[in-house]
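Overview (structure and organization)
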Amino acid sequence: MYEEVVIERMSYGTAGVGHRQSGKTVFVDNTAPGDVALIEIVEDKPRFSRGRVVELLDPSRLRAENNPACSACGGCSWSHMDYSTQIEAKRDCVVDALCRIGHFDRTWAEEKIAPCIPSKRQWGYRNKLELAVASDEAQRFTLGFHGAASEAVEPIGECPLAHKNIQKAPKALQGALRYAQGASDLGIFRIGVRGSLRTHDIEVALWTRPGSFPRAHVAKTIMSALKPTSIVRVLAEPGKARKIKGVETLEGKGCWEESLYDARFLTSAPSFFQVNTAQAEQLITCVMEGLGGVEGKAVADLYAGGGTFSIPIAQAGAEVVAVEAAGSSVRDLRRNADLNDVALEVVGGDTARELPELGQLDALVVDPPRAGLADGVVESISKAKPDKVAYVSCDPATWARDIARFKTQGYTLQKTTPVDLFPQTFHVETVSILKRR
């Protein structure tokens, strides 16, 4: 059974949102606001449906033209829309989350959410690629991305989202490692590639199971194919846990260097670093401007990573204590503080456990993972009584939940700025400044 649907807006996901003739909300992939589509219902639940496009009856004027062709991996799920539409839709998703999940008034929310800061690079912005490993029909070593609809690995020759110096790395590495591996299995299950347009560093990280490995042979083969500045081997077991048992330098520096906000950052292969360097600087600018003058103030940076916010805040004269749980990031953080000649206190441990020990603070920066702040963290922050909190988030849903928690602890949202770190996708980062009443 087919229905004609008008797409009204984008969800925070891959689908456009419309309403069926019955009034029920329907989510439809590969659509844009303004599309008139004939759809087939593929899933019908009590409160909403999901549909697929059978025929695009009247394409929206907001659709993009002449975008680079992408693979079937689903990583460019908004590339069918023009960029200005993407930016507006991302801001709308942030406002919607604040109202729907945080239960704030829509008029108030519209006043607090600034326009989304666009990325100057709409393609070729990623400094990192994460490649999955599989075997093709001939049982040959193959690199690609996990597909949009399944866990199957979609082979990929190049990625238009990646920096130009690593765009063709998948094809080059696939050929090199097919040759290096031969008939044997090297135990490689994942490959990370980082490239910088500023420092020109390129690092290849081979994730393998522990065990014997032809280090010199593999390093020589990769060097001839890609000429990276660093090749490392990360010893871990496959799976989501990714418990790391060691990192070996096979060739070069053993880390990746990037320049960010007038500072230098050395990042180990297992450590997190924002994938859009130029837009990461926008995050830092929003945080620094939101906190105001920090010279001489006590500032904590929670989930500090390798020091993306800690280093600039310390350079501005603050007394910084940085809390980070991941061992590789703690080592990077200490190294980056020395590299940039700044003094800061590094605490290796879980934020929820360490926060109550930090004492009273003047300001605080928090940049949690997608799950947001753990239960009790907002309450612990309020006990430290920072005058201002800068909350950096990568997920509008958990962010909206946490903003509501801050309200109960006496913190008022002054401003939230969406920042587009991921053009052609639905993902958006936000920087929120909260002030203690």
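The coordinates are above.
Small disclaimer: the values here were computed from a predicted structure and weren't measured.

1. A short note on the packing of helix α1 (residues 83–100) against helix α10 (residues 396–408)
- Following both chains from N to C, one finds α1 and α10 inclined at 40°, their axes separated by 8 Å at the closest point. On the basis of the axis angle, α1 is oblique to α10. As for the relative orientation of α1 and α10, their crossing is right-handed in sense. Across the interface between the two elements, C93, V94, A97 and L98 of α1 pack against P396, A397, W399, A400 and I403 of α10.

2. Looking at the side chain of H80
- Considering the arrangement of structural elements, one finds H80 in the loop between β5 (48–58) and α1.
- A relative accessible area of 15% places H80 in the buried class.
- A polar contact of 3.4 Å, which involves the side chain of H80, links it to the backbone oxygen of S77.
- Residues in contact with H80, not counting those within four places in the same chain, are N30, T31, A32, R63 and A64.

3. Some details on the nonpolar core
- Counting 70 residues, the largest nonpolar core has L131, L173, I191, L206, I313 and L344 as the members making the most contacts within it.
- Broken down by element, this core gets its largest block of residues, seven residues, from helix α5 (residues 277–291).
- Sequence-distant contacts of L173, defined by excluding residues within four places in its chain, comprise L131, L143, I191, V193, V204, I222 and L226.
- I113, V323, L361 and I403 belong to the second largest nonpolar core, which has 36 residues in total.

4. A closer look at the environment of E55
- Along the chain, E55 falls in strand β5.
- In this structure E55 comes out as partly exposed when scored by relative accessible area, which is 43%.

5. Re the packing of aromatic side chains
- One pass over the full model with this rule turns up seven aromatic pairs.
- For the pair F406 and Y411, a centre-to-centre distance of 5.9 Å together with 80° between the ring planes defines the contact as edge-to-face. Across the pair, exposure class does not vary: F406 and Y411 are buried alike.
- Put simply, the rings of W256, F265 and F273 touch in pairs and so form one group of aromatic residues.
- For R50, the ring lying beneath its charged end belongs to F27, and the centroid distance is 5.4 Å.
- Directly above the aromatic system of W207 lies the positively charged group of R190, at a separation of 3.9 Å from the ring centroid.

6. A word on the sheet that holds β5
- Pairing within the closed barrel is mixed, and its five strands lie in the order β1-β2-β3-β5-β4. Between one strand and the next, the sheet's axes are offset by a mean angle of 50°, whatever the strand orientation.
- Taken together, the five bridges between strand β2 (residues 15–19) and strand β3 (residues 25–29) define a ladder with antiparallel strand orientation. Following the sheet pairing, G18 is matched in β3 by V26.

7. What to know about the pattern of salt bridges
- Within the structure shown, the criterion is met by 27 salt bridges.
- In this structure, the salt-bridge partner of K253 is D201, at a minimum N-O distance of 2.7 Å. With K253 in the loop between β12 (244–252) and β13 (256–260) and D201 in the loop between β9 (188–195) and β10 (202–208), this residue pair connects regions lying 52 residues apart in the sequence.
- Using a relative accessible area of 41% as the deciding quantity, one classes K253 as partly exposed.

8. With respect to the sheet that holds β10
- Read across the open sheet, the seven strands follow the order β8-β7-β6-β9-β10-β11-β12; overall the sheet is mixed. Pairing within the sheet leaves two strands with one partner each, and these edge strands are β8 (153–155) and β12. For this sheet the average axis-to-axis angle between neighbouring strands, irrespective of direction, equals 35°.
- Both strand β6 (residues 128–135) and strand β7 (residues 141–146) contribute to a ladder of four bridges, which runs antiparallel.

9. Looking at the pairing of strand β14 (residues 263–267)
- The buried fraction of β14 amounts to four of the five residues, a majority that puts the element mostly inside the structure.
- Following β13, the chain reverses through two residues before pairing antiparallel with β14; Y261 in that reversal takes a positive phi of roughly 55°.

10. Observations concerning the pairing of β10
- For β10, the tally of buried residues reaches seven of seven residues, placing the bulk of the element in the interior.
- Here β10 shows a buried face lined by I202, V204, L206 and T208 and a second buried face lined by E203, A205 and W207.
- One ladder, built from seven bridges, connects β9 with β10; its direction is antiparallel. Bridge pairing in β10 places G195 opposite I202.
- Between β9 and β10, which pair antiparallel in sequence order, lie six residues; one of them, H200, sits at a positive phi of approximately 70°.
- As paired elements, β10 and strand β11 (residues 230–236) share six bridges and run parallel to each other. Paired with W207 across the strands is V234, a residue of β11.
- Handedness of the crossover is the feature at issue here: the chain leaves β10, passes through helix α4 (residues 215–226), returns alongside β11, and the resulting connection is right-handed.

Cut-offs and rules
- Within every chain, residues take consecutive numbers counted from 1 along the sequence as written.
- The predicted nature of this model means local features are confined to residues of pLDDT at least 70 and side-chain atom pairs, given and counted, to a pLDDT of 80 or more, with totals for whole chains, interfaces and linings taken over all residues.
- Processing note: side-chain calculations cover all non-hydrogen atoms of the structure and skip hydrogens and water entirely.
- Simply put, an axis is a line fit to the C-alpha atoms, just over the touching stretch for a helix, and the angle between two N-to-C directions goes from 0 to 180 degrees.
- In this description a helix means any DSSP run of H or I spanning at least four residues, a strand means any run of E spanning at least two, and both kinds are numbered starting from the N terminus.
- Angular relationships are summarised with four words: roughly parallel below 35 degrees, roughly antiparallel beyond 145, roughly perpendicular across 65 to 115, and oblique for the angles in between.
- Crossing handedness is defined as follows: a turn of the near helix away from the far one that is anticlockwise and smaller than a right angle gives a left-handed crossing, while the clockwise case is right-handed.
- In what follows, a contact means two residues having at least one pair of non-hydrogen atoms within 4.5 Å.
- Working definition: with a 1.4 Å probe on protein chains only, accessible area under 20% of the residue-type maximum means buried, over 50% means exposed, and in between means partly exposed.
- Residues adjacent in sequence count toward polar contacts only when both atoms are side-chain atoms; beyond that, a polar contact is any pair of N or O atoms within 3.5 Å, and within protein one must be able to donate a hydrogen and the other to accept it.
- Side-chain atoms within 4.5 Å are what join buried Ala, Val, Leu, Ile, Met, Phe, Trp, Tyr and Cys residues into a set we call a nonpolar core.
- Stacked, edge-to-face and tilted are the three classes for Phe, Tyr and Trp ring pairs, Trp counted by its six-membered ring, which pair at centre distances within 6.5 Å; planes under 30 degrees apart are stacked, over 60 edge-to-face, the rest tilted.
- Consider the ring centre and the ring normal. A charge sits over the ring if Lys NZ or Arg CZ is within 6 Å of that centre and within 35 degrees of that normal.
- Strands are labelled as partners when DSSP assigns at least two bridges between them.
- By salt bridge we mean one thing: a side-chain nitrogen of Lys or Arg within 4 Å of a carboxyl oxygen of Asp or Glu.
- With its strands directed away from the observer, a crossover is right-handed exactly when the path from the first strand over the helix to the second travels clockwise.

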